[in-house]
Amino acid sequence: MPEGPGPTEWGSGNGVGPWTGPLPRDPRYDPDLLADGDTRNVVDAYRYWTREAIIADIDSRRHPLHVAIENFGSDANIGGVVRTANAFAVDTVHIVGKRRWNRRGAMVTDRYQRLCHHDTTAELLEFARGRGLAVVAVDNVPGSVRLETAELPRDAVMVFGSEGPGISDDARAGADLLVSIAQFGSTRSINASVAAGIAMHAWIRQHADLGRAW
Ligand SMILES: C[S@@+](CC[C@H](N)C(=O)[O-])C[C@H]1O[C@@H](n2cnc3c(N)ncnc32)[C@H](O)[C@@H]1O
């Protein structure tokens, strides 16, 4: 078991006040946060750390999983995808299509998450080939196999479609694997950000070292 409080003891999330006692000399600590307190949305292990130190630490623990979301329609889901990707220490979130997206749902987590923009899906696919990443398209379309029983590749980019049109023809054609999340109700599909969370967690269950989770 890890030492210190776990997720259920994190409390209200209002952060911590000014540092009490002798100041630590570790350069990862931010002098301003030590003096004023730290109310950022970060896990306790990163309290009082500079943003650069936090990013460097996550960079050393990132998973070989990338996620991409096609931004051809509404961008309302992208913030949620970025936040979940941050929680799972995903390597990079790729935004395909429109460059602008609504950052609100990210809850500032985008500051700690590698982001990359591609104008087209073809560009994303080229990136994936260059990095040796298997392309896993995620949508409930004909030809898909069940995410729940699929063996997910370790070095991979999962691609999610836009709200409305769903995954693009280019993503489907370029995918090494096409997976869908089993549904049982009346709706045709689930929210793209929720689908991304489910799919990322399926990868985590198969490949992550849970001993390294908070
Ligand atoms: C709101 S869906 C739209 C497309 C959907 N194929 C349809 O029939 O309407 C937007 C995106 O969420 C993801 N998604 C939603 N439901 C899903 C499911 N059951 N399985 C896999 N992906 C899903 C996919 O990435 C999809 O492109």
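Every chain begins its residue count from 1, and numbering advances along the sequence as written. Only residues with pLDDT of 70 or above have their local features reported here, since the model is predicted, and side-chain atom pairs are shown and tallied only from 80 upward, although totals for entire chains, interfaces and linings are computed over all residues.

The name given to the protein in an unreviewed UniProt entry is RNA methyltransferase, with the source organism recorded as Mycolicibacterium brumae.

Attention shifts here to the domain arrangement of the protein. As assigned here, the protein comprises domain 1 (9–58) and domain 2 (61–212). A separation of 30 Å is found between the C-alpha centroids of domain 1 and domain 2. Partitioned by chemical class, the residues of the side of domain 1 that touches domain 2 number three nonpolar, one polar and two charged. Either an automatic procedure or a domain database provided the assignment from which the domain bounds are taken. Polarity classes work like this: nonpolar for Ala, Val, Leu, Ile, Met, Phe, Trp, Tyr, Cys and Pro, charged for Asp, Glu, Lys and Arg, and polar for all others, with Gly in that last group.

Looking now at the site of the ligand. The rule is simple: place the C-beta atom from the backbone, and if it lies within 6 Å of a molecule or strand, the residue is near it. In the region of the ligand, 17 residues are neighbours, and G161, G166, S189, A192 and A195 sit closest. Residue composition of the shell around the ligand, grouped by class: eight nonpolar, six polar and three charged.

Once that is clear, we can look at the nonpolar core. Ranked by internal contacts, the top residues of the largest apolar core, which has 40 residues, are V67, I69, V136, V157, M158, V159 and F160. Here a helix means four or more residues in a row that DSSP labels H or I, a strand means two or more in a row labelled E, and each is numbered from the N terminus. Contributing elements (two or more residues each) for this core: β1 (65–71), α3 (78–87), β2 (93–97), α4 (121–130), β4 (134–138), β6 (156–160), β7 (177–180) and α6 (192–207). Excluding its chain neighbours within four sequence positions, the residues that come into contact with M158 are V67, V136, V138, A199 and M200. Each nonpolar core comprises buried Ala, Val, Leu, Ile, Met, Phe, Trp, Tyr and Cys residues, the members being joined through C-beta atoms within 7 Å. Counting other C-beta atoms within 10 Å of each residue's C-beta, where C-beta atoms are placed from the backbone, gives the exposure class: buried for 20 or more, exposed for 12 or fewer, partly exposed between. Distance between backbone-placed C-beta atoms decides contact: two residues are in contact if it is within 7 Å.

The subject of this paragraph is the pairing of β2. Along β2, four of the five residues are buried, which leaves the element largely enclosed by surrounding structure. Pairs of strands are assigned from DSSP output, requiring at least two bridges between the strands. Here five bridges tie β1 to β2, and the two strands are oriented parallel to one another. Of the residues in β2, the one forming a bridge with A68 is H94. A crossover connection joins β1 to the parallel β2 through α3; in handedness this β-α-β unit is right-handed. In the sheet, β2 pairs with strand β3 (residues 115–118) via four bridges, with the strands oriented parallel. For H94, the partnering residue across the bridge sits in β3 and is C116. When the strands point away from the viewer, a crossover counts as right-handed if the path from the first strand over the helix to the second runs clockwise.

What follows deals with the UniProt feature "domain: tRNA/rRNA methyltransferase SpoU type" (unreviewed entry) in the protein. UniProt positions are given in the numbering used here, feature names are shortened, and annotations may be inferred rather than shown by experiment. UniProt feature "domain: tRNA/rRNA methyltransferase SpoU type" (unreviewed entry): in the numbering of this structure it lies at residues 65–201. Note that residues 65–201 is 26% helix and 23% strand, and that its end C-alpha atoms are spaced 11 Å apart.

End to end, α6 covers 22 Å across 16 residues, agreeing with the expected 22 Å (1.5 Å per residue, within 8%). Buried residues of α6: A192, S193, A195, A196, A199, M200 and W203, and no others. Relative to the axis of α6, the buried residues are bounded by an arc of 155 degrees and lie together on one face. Close packing links the buried residues of α6 with β1, α3, β4 and β6. Helix span, expected: 1.5 Å multiplied by one less than the number of residues in the helix. Within this analysis, the arc is defined by the directions that extend from the helix axis to the C-beta atoms.

Moving on, we get to the packing of α3 against α6. The interhelical angle for the contact between α3 and α6, taken along N-to-C directions, is 20 degrees, at an axis separation of 8 Å. With respect to α6, the axis of α3 lies roughly parallel. Considering the relative orientation of α3 and α6, their crossing is right-handed. Judged by residue contacts, G80, V81, T84 and A85 of α3 engage S193, A196, G197 and M200 from α6. Angular values range over 0 to 180 degrees, each being the angle between N-to-C directions of two axes fitted as lines to C-alpha atoms, with helices fitted over their stretch in contact. When an angle is under 35 degrees it counts as roughly parallel; over 145 it counts as roughly antiparallel; between 65 and 115 it counts as roughly perpendicular; any other value is oblique. A crossing counts as left-handed when the near helix is turned anticlockwise from the far one by less than a right angle, and as right-handed when that turn is clockwise.

The periodicity of an α-helix, 3.6 residues per turn, causes residues three or four positions apart to be oriented the same way. Judged by how many residues are buried, α3 sits mostly within the fold: nine of ten residues are covered. Contact partners of the buried residues in α3: β1, β2, β6 and α6. Just past α3, the residue A89 takes up positive phi, approximately 50 degrees.

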